[in-house]
Amino acid sequence: MTNGSKPNLLNNWMGGYTPNQGYYDEYLDSKGNERSHWQRVSQKIGSLDQEAWSRREKQLERLIHANGITYNVY
């Protein structure tokens, strides 16, 4: 996150994500560095353990079900 290096959290919670060349990427700049406006999000997400991930996943599933969120593929 500093000195132009890739953030350590990237490989942890983004699974080795790399942007597509030639397209703007909201998360990483053209050099593969995390954009500054994502750093707080990455730090928070990267600090979660498996139990916290599971709780959030279950909460998301409940919210999707409760709010009737659906996706149409045309």
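Before reading on, note that the structure itself is shown above.
Residues numbered from 1 in each chain as written. Predicted model: local features only at pLDDT ≥ 70, side-chain atom pairs only at ≥ 80, totals over all residues. Heavy atoms only, no water.

Caption draft 1: Quick peek at the packing of aromatic side chains. Evaluated as defined, the whole model comprises 1 aromatic pair. Taking the centre distance of 6.0 Å and the plane angle of 70° together, the rings of Tyr 27 and Trp 38 count as edge-to-face. Of the two residues, Tyr 27 is situated in the loop between helix H1 (8-13) and helix H2 (39-46) and Trp 38 in the loop between H1 and H2; the sequence distance between them amounts to 11 residues. (Phe/Tyr/Trp six-rings, centres within 6.5 Å; stacked < 30°, edge-to-face > 60°. Helix = DSSP H or I, 4+ residues; strand = E, 2+ residues; numbered from the N terminus.)

Caption draft 2: Structural context of the pattern of salt bridges. Inspection of the entire model under this criterion finds 1 salt bridge. Where Arg 55 meets Glu 51, a salt bridge forms, and the shortest distance between an N and an O atom there is 3.3 Å. In this pair, Arg 55 and Glu 51 are both assigned in helix H3 (residues 50-67), 4 residues apart and thus about one turn of the helix distant. Residue Arg 55 is classed as partly exposed on the basis of its relative accessible area of 47%. What makes Glu 51 exposed here is its relative accessible area of 55%. (Salt bridge = Lys/Arg side-chain N within 4 Å of Asp/Glu carboxyl O. Buried < 20%, exposed > 50% of the residue type's maximum accessible area, 1.4 Å probe, protein only.)

Caption draft 3: Layout of a nonpolar patch on the surface. Taken together, the side chains of Leu 60, Ile 64, Ile 69 and Tyr 71 make up a nonpolar region of the molecular surface, amounting to roughly 420 Å² of accessible area. Checked against the element boundaries, Ile 64 lands in helix H3. By relative accessible area, Ile 64 is classed as partly exposed at 30%. (Patch = residues over 30% accessible without salt bridge, like charges linked within 9 Å, V, L, I, M, F, W, Y side chains within 5 Å. Areas by Shrake-Rupley, 256 points an atom, 1.4 Å probe, with all protein chains shown as cover.)

Caption draft 4: Structural context of H3. Look at H3: 26 Å from first C-alpha to last across 18 residues, which is about the 26 Å you get at 1.5 Å a residue. Between the side-chain oxygen at the start of H3 and the backbone nitrogen of Glu 51 there is a gap of 3.3 Å, and the oxygen is on Asp 49. Gly 68, located one to two residues past H3, shows a positive phi value of around 65°. (Expected span 1.5 Å × (residues − 1). Polar contact = N/O pair within 3.5 Å; in protein donor to acceptor, adjacent residues only side chain to side chain.)

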